[in-house]
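Now for the letters of each chain:
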Amino acid sequence: MCDVLTKLLQDEGYRCQTARTGEEGIEKLCQEFFDLVLLDLMMPGIGGMKTLEKIHKADASIPVVILTAYASIESAVQATRAGAFDFLAKPFKNEELLLVVKNGLQKRALQLENEQLRRTLREQTSFENIVGKNERMQQVFDLIMQVAPRRSTILIQGESGTGKELVAKAIHHRSPRADRPFVAVNSGTIPSELLESELFGHVKGAFTGATNAKKGLFEVADGGTVFLDEVGTIPFETQARLLRVIQEREFRRVGGIENIKVDVRIIAATNSDLRKGVEEGRFREDLYYRLNVITIPLPPLRERKMDIPLLADFFVRRYSRENGRELCTLMPETLKVLLEHDWPGNVRELENAIERAVVLAPGNQITPDLFPREVLESEGSMHDHWGLLQGGASLKDLVADFERNLILSALEKTDGNQKKAAHLLRLKATTLNEKLKRLKIRIGKRNEDSSK
Ligand SMILES: Nc1ncnc2c1ncn2[C@@H]1O[C@H](COP(=O)(O)OP(=O)(O)O)[C@@H](O)[C@H]1O
Ligand SMILES: [Mg+2]
């Protein structure tokens, strides 16, 4: 039978290998990539049903076609219930077999394509919406990749608006828990007397007003990730219960006596220095060490100003699209203003400012006057080079900033005329053009027209 089928399939152009027992087949399956299995139910050794089970353990999506004698149709039906793709009763015609094989392979191809699509989709929503070219952001991306597949607790540290929640979500999306819930809790916004019941749930009658039992967020997130935002604001007593969840993976509902087991990964975020909280006796030292296994520091925007043009461009696109507008253009003089501001509210402040400008812009050009006064009037720390170096910028970053500023002001002086600007900078027009592309400086439409 093996030899006959091999000949038939090879004549059709398929590559094929044979095995005479289930054990042998599974061994082959683990060594190489196959697209389809033809499986007899009556075999020496572990037999067909057991083999089917093991095949699916090795490769859950491989189609398995059962070949069986008429007498054992019953078991073939059973096999399809157990996940076999199809079955053929012996004796069968060659065409019948070839048709089933073709269908099975088609299904396999579709499935692989779907998996691929899902994977890229996941990468897009999780990585590509974290914008950052700066070296410290690149380190953040590397860290995300490294920690995502693990279960370890993560602490994300950064000022408000630096993207802590975005990073937490990226880690979740890239983890094996991606299909399970991501639950965010901001302990800073929940009254402390309600926090424990939010996190751990409560039993009926646990306190006045607890008329019904309620599940806590840890239970809701079972199998997934809990994001504890502003972890530094969690009251001291609640910290002890949190520590217990991390260590024992179990807790009790408020007022309850039953231990509830959960499997959650904890990602915590803070915008304050937790160590200082420990020194001042506001934060438990043991919890601090538990949370601080891996720390991801997020730099404030003012220390990675080179990312401002990228981010600005990203948000202009997003909000032009969201508001159903034609794609707006950031004027060079606008970019200059954005680069000079210090952004105490970090990326969130930049995002809001750009959303507002896109909405308010009368035409499709984003000009400086569309920004609030505090953005326009900033002192600008661009010239505080030592400060920037201490903040983690490198000489290369600073030189790039300097280059950008000079180019922007040349463009401003020449009303966006690239040829004239190149002349001012004593560059060839083509060199300037390359630099504009590299620095992601986009020239407004009006200016492009006037340069023609
Ligand atoms: N690197 C980034 N790229 C794109 N958007 C960002 C980035 N960092 C932050 N944002 C956006 O800024 C806003 C604030 O981010 P968030 O993660 O809530 O910050 P945090 O939790 O640190 O206060 C969100 O709308 C987020 O999408
Ligand atoms: Mg936040």
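The coordinates are above.
Residues numbered from 1 in each chain as written. Chains lettered and ligands numbered in written order. Predicted model: local features only at pLDDT ≥ 70, side-chain atom pairs only at ≥ 80, totals over all residues. Heavy atoms only, no water.

So, the overall build of the protein
Inference 1: The helix and strand inventory of the protein stands at 21 helices and 14 strands.
Inference 2: Along the first, second and third principal axes, the C-alpha set of the protein runs to 90 × 70 × 40 Å.
Inference 3: Looking at the protein residue by residue over its 452 residues, the buried ones come to 45%.
Inference 4: Long-range pairs, those at least 24 residues apart, make up 69% of the contacts in the protein with a sequence separation of at least 6.
Inference 5: Summed over all atoms, the accessible surface of the protein reaches about 24400 Å², with 51% contributed by carbon and sulfur. (Helix = DSSP H or I, 4+ residues; strand = E, 2+ residues; numbered from the N terminus. Buried < 20%, exposed > 50% of the residue type's maximum accessible area, 1.4 Å probe, protein only. Contact = heavy atoms within 4.5 Å. Areas by Shrake-Rupley, 256 points an atom, 1.4 Å probe, with all protein chains shown as cover.)

Digging into the environment of lysine 169
Inference 1: Looking at the secondary structure, you find lysine 169 in helix H7 (residues 164-173).
Inference 2: Residue class for lysine 169 comes out partly exposed when judged on its relative accessible area of 35%.

A few points about the layout of surface pockets
Inference 1: In this structure, the largest pocket spans a volume of roughly 980 Å³.
Inference 2: Taken together, 34 residues form the lining of the largest pocket, with Gln17, Thr18, Leu36, Val37 and Leu38 sitting closest to its centre.
Inference 3: Taken together, the elements giving at least two residues each to the lining of the largest pocket come down to helix H1 (2-11), helix H2 (22-31), strand S1 (37-40), helix H3 (47-58) and helix H5 (94-128).
Inference 4: It is H2 that contributes the most residues to the lining of the largest pocket, five residues altogether.
Inference 5: Residue composition of the lining of the largest pocket, by class: 21 nonpolar, seven polar and six charged.
Inference 6: Reported here for the second largest pocket is a volume of approximately 520 Å³. (1 Å grid on protein atoms, 1.4 Å probe; cavity = no way out; pocket = protein on both sides within 12 Å on 5 of 7 lines; lining within 4 Å. Points joined across faces, edges and corners; volume = space filled by probe spheres on them. Nonpolar A, V, L, I, M, F, W, Y, C, P; charged D, E, K, R; others polar.)

Comments concerning the packing of aromatic side chains
Inference 1: Here the structure, examined in full by the defined rule, presents six aromatic pairs.
Inference 2: A ring pair is formed by phenylalanine 200 and phenylalanine 251, whose centres lie 5.6 Å apart and whose planes are at 45°; its orientation type is tilted. With a gap of 51 residues between them, phenylalanine 200 in helix H8 (residues 192-200) and phenylalanine 251 in strand S9 (residues 250-251) connect regions that are remote in the sequence.
Inference 3: Taking the centre distance of 5.3 Å and the plane angle of 65° together, the rings of tyrosine 288 and tyrosine 289 count as edge-to-face.
Inference 4: These aromatic residues form a ring-pair network of at least three members: Phe200, Phe218 and Phe251. (Phe/Tyr/Trp six-rings, centres within 6.5 Å; stacked < 30°, edge-to-face > 60°.)

Considerations on H1
The periodicity of an α-helix, 3.6 residues per turn, causes residues three or four places apart in sequence to face the same way.
Inference 1: Listed in full, the buried residues belonging to H1 are Leu5, Thr6, Leu8 and Leu9. Looking down the long axis of H1, one finds its buried residues gathered within 165° of arc, a one-sided arrangement. Opposite the buried face of H1, at more than 90 degrees from it, the exposed residues are Asp3, Val4, Lys7 and Asp11.
Inference 2: A positive phi of about 95° marks glycine 13, the residue just after H1. (Arc of directions from axis to C-beta.)

Focus: the sheet that holds strand S3 (residues 86-90)
Inference 1: The sheet built from three strands is open, its strands ordered S1-S2-S3 with parallel pairing. Single-partner strands in this sheet number two, and they are S1 and S3. For this sheet, the mean angle separating the axes of adjacent strands, direction not counted, is 25°.
Inference 2: Bridge analysis of strand S2 (residues 64-69) against S3 gives five bridges, and the strand direction is parallel. Counted as the bridge partner of alanine 69 is lysine 90 from S3. (Pairing = 2+ DSSP bridges. Axes fitted to C-alpha atoms, helices over the stretch in contact; angles between N-to-C directions.)

Section: the site of ligand 1
Inference 1: Contacts to ligand 1 come from 18 residues, most closely from Val131, Gly161, Lys164, Arg348 and Glu351.
Inference 2: One of the backbone N or O atoms of glycine 163 is found 3.1 Å from an oxygen atom in ligand 1.
Inference 3: Protein burial of ligand 1: of its 560 Å² of free accessible surface, 87% is covered by the chains.
Inference 4: Here ligand 1 occupies the second largest pocket.
Inference 5: Looking at the shell around ligand 1, its residues break down into seven nonpolar, five polar and six charged.
Inference 6: Viewed by domain, the shell around ligand 1 spans two of them, domain 2 (129-299) and domain 3 (303-451), each represented by three or more residues. (Near = heavy atom within 4 Å. Polar contact = N/O pair within 3.5 Å; in protein donor to acceptor, adjacent residues only side chain to side chain. Sits in = over half its atoms within 2 Å of the grid points. Domains from an automatic or database assignment.)

Regarding the pattern of salt bridges
Inference 1: If you walk through the whole model with that rule in mind, you get 24 salt bridges.
Inference 2: Glutamate 303 is paired through a salt bridge with arginine 136; the nearest N and O atoms lie 3.1 Å apart. Residue glutamate 303 is located in the loop between strand S12 (294-297) and helix H13 (308-322), and its partner arginine 136 is located in helix H6 (residues 135-147); the two are separated by 167 residues in the primary sequence.
Inference 3: Glutamate 351 serves as the salt-bridge partner of arginine 318, at 3.0 Å between the closest nitrogen and oxygen. Here the residue arginine 318 occupies a position in helix H13, and glutamate 351 occupies one in helix H15 (residues 346-360), the gap between them amounting to 33 residues.
Inference 4: Salt bridges here are not isolated pairs; linked through shared partners, they connect Lys50, Glu53 and Lys57. (Salt bridge = Lys/Arg side-chain N within 4 Å of Asp/Glu carboxyl O.)

Notes on the nonpolar core
Within soluble globular proteins, side chains that are nonpolar tend to cluster in buried spots.
Inference 1: Core analysis: the biggest nonpolar cluster contains 37 residues, and Leu338, Trp343, Ile354, Ile366 and Phe371 have the highest contact counts within it.
Inference 2: Sorting the residues of this core by element identifies H13, helix H14 (332-340), H15, helix H18 (395-413), helix H19 (418-424) and helix H20 (429-438) as the ones contributing at least two each.
Inference 3: Here this core takes seven residues from H13, the largest share from any one element.
Inference 4: Residue contacts for phenylalanine 371: discarding those within four places in its chain leaves Thr334, Leu338, Ala353, Ile354, Arg356, Ala357, Ile366 and Leu376.
Inference 5: Listed in part, the 30 residues of the second largest apolar core include Leu155, Leu217, Ile234 and Tyr288. (Core = buried A, V, L, I, M, F, W, Y, C linked by side-chain atoms within 4.5 Å.)

A word on unusual backbone geometry
Most peptide bonds take the trans form, and the phi angle of most residues other than glycine is negative.
Inference 1: Of note, the amide linkage connecting lysine 90 to proline 91 takes the cis form, showing an omega dihedral of -5°.
Inference 2: The phi dihedral of aspartate 415 falls on the positive side, at around 60°, and the residue is not glycine.
Inference 3: Despite not being glycine, arginine 426 has its phi angle at roughly 55°, a positive value.
Inference 4: Arginine 426 gets classed as exposed once you look at its relative accessible area, which sits at 75%.

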